[in-house]
Amino acid sequence: MQASAHDMPQAKGAKPGMMARMRQWWSQFIYQWQLQAMVAPGIIFMIVFNFIPIYGLVLAFKNYTVVDTISGAPWVGWENFRIILSDKYFWDSVWNTMGISAIKLSLGFVLPIILAVMIYEVPWGPFKRIVQTLTYLPHFFSWIILGGMLINWLSTNGLLNEILNFVGINASSNYLLDADKYWGIAALSDVWKEAGWGTILYLAVMAGIDPSLYEAAEMDGASKIRRIWHITIPELGTMITLNLVLSVSALFGSNLDQTLILMNTQNQPKSEVINSYVYRIGLTQGDFSYATAVGLGVSIVSVVLLVITNVVSKKINDNQSVL
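Cut-offs used in this document
- Residues numbered from 1 in each chain as written.
- Predicted model: local features only at pLDDT ≥ 70, side-chain atom pairs only at ≥ 80, totals over all residues.
- Heavy atoms only, no water.
- pLDDT = per-residue confidence, 0-100.
- Contact = heavy atoms within 4.5 Å.
- Axes fitted to C-alpha atoms, helices over the stretch in contact; angles between N-to-C directions.
- Helix = DSSP H or I, 4+ residues; strand = E, 2+ residues; numbered from the N terminus.
- Parallel < 35°, antiparallel > 145°, perpendicular 65-115°, else oblique.
- Left-handed = near helix turned anticlockwise from the far one by under 90°.
- Expected span 1.5 Å × (residues − 1).
- Buried < 20%, exposed > 50% of the residue type's maximum accessible area, 1.4 Å probe, protein only.
- Core = buried A, V, L, I, M, F, W, Y, C linked by side-chain atoms within 4.5 Å.
- Polar contact = N/O pair within 3.5 Å; in protein donor to acceptor, adjacent residues only side chain to side chain.

A. Spotlight on the confidence of the model for the chain. Chain-level pLDDT for the chain is 86 on average; 94% of the residues reach the 70-or-more range. Below a pLDDT of 50 lies the segment residues 1-9, which in the model reaches 11 contacts outside its immediate sequence neighbourhood of four places, other chains included.

Spelled out as structure tokens, the structure:
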């Protein structure tokens, strides 16, 4: 099906220039029409659901109400962004987002690497498969289910207080009503849900490591820790860098499902994150222009973080980009 460059028909009489290149491009397009037909649905999907909605970003520069059309709403320039910069509740949501994301990054980035190495080093196949299944399992549950379990476990008569009382620690708190504990609960519950799933890519890379490297290191007297440190970890370097770049760029993103399930009026000062703030302002209060401006600003910051992290990773990896 795939044609090589030597098989492409050349435009007869083509001369250097734009018209000649256009005729050659069109000839190649016709020649590869089967391939183009397979790609077309994906391109159409992206245009309809990814590119056309970009037009809605103009709402950030307008004073839009539900009685207006997007094109008919009056322009307000940078007014929405000026209001954002003086909005205390917006900055509270930024602070909460960064705090929760920092804890998630510090734990959720390292733990899958450690877990993947431990699973890889387990010699007994059945035990390895049981551990993998148990660690993957939370990923397949929605936050509706996991949130309900957490609300029950962390309640006054929940599982956590029962365990603490069993070991002699008198406890009767409802931990989700304590705002100061919310960041830890949100970060740890997210790590519990996704850590096992995050090991898949690392295990796939480790499966491709040449076994002779470990055999040679073992013959040289290297301990298991040294083999992991000098062979396994360097082989995972590219994947670790890629995950780090993607994780840092998502610092200002947040799990809206988790927040909407676990947030209540008592912990809201610490649980309100940017996505839930945009949801509350945009959908429940109908201020679409303000919510769009917040979303646009966060997206721009995330792209800047992605570019900066990628540049830094290129410097570290001998000018090789992971993206």
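B. Spotlight on the packing of helix 7 (residues 143-153) against helix 9 (residues 182-194). At a minimum axis distance of 12 Å, the contact between helix 7 and helix 9 shows a crossing angle of 130°. On the basis of their axis angle, the class for helix 7 and helix 9 is oblique. Handedness of the helix 7/helix 9 crossing: right-handed. Contacts from Trp143, Leu146, Met149, Leu150 and Trp153 in helix 7 reach Ser189, Asp190, Trp192 and Lys193 in helix 9.

C. Quick look at helix 9. Its 13 residues give helix 9 an end-to-end C-alpha distance of 18 Å, which sits within 8% of 18 Å, the value for a rise of 1.5 Å per residue. Listing the buried residues of helix 9 in full gives Tyr182, Trp183, Ile185, Ala186, Ala187, Ser189, Asp190, Val191 and Lys193. Looking at the buried side of helix 9, the elements it contacts are helix 4 (88-108), helix 5 (110-121), helix 7, helix 14 (256-262) and helix 15 (268-271).

D. Examining the nonpolar core more closely. The biggest cluster of nonpolar side chains holds 18 residues, and the ones touching the most others in it are Tyr202, Leu203, Met206 and Ile240. Contributions of two or more residues to this core are made by helix 5, helix 10 (199-207), helix 11 (211-219), helix 12 (224-235) and helix 13 (237-249). The element that contributes the greatest number of residues to this core is helix 5, accounting for 5 residues. Every residue in contact with Leu203, bar those within four places of it in the chain, is listed here: Ala116, Ile119, Tyr120, Gln132 and Tyr136.

E. Representation of the side chain of Ser189 in the model. Mapping Ser189 onto the fold places it in helix 9. In terms of polar contacts, Ser189 uses its side chain to reach the side chain of Gln258, at 2.9 Å. Setting aside anything within four residues of it in sequence, one finds Ser189 in contact with Trp143, Leu150, Gln258 and Leu262.

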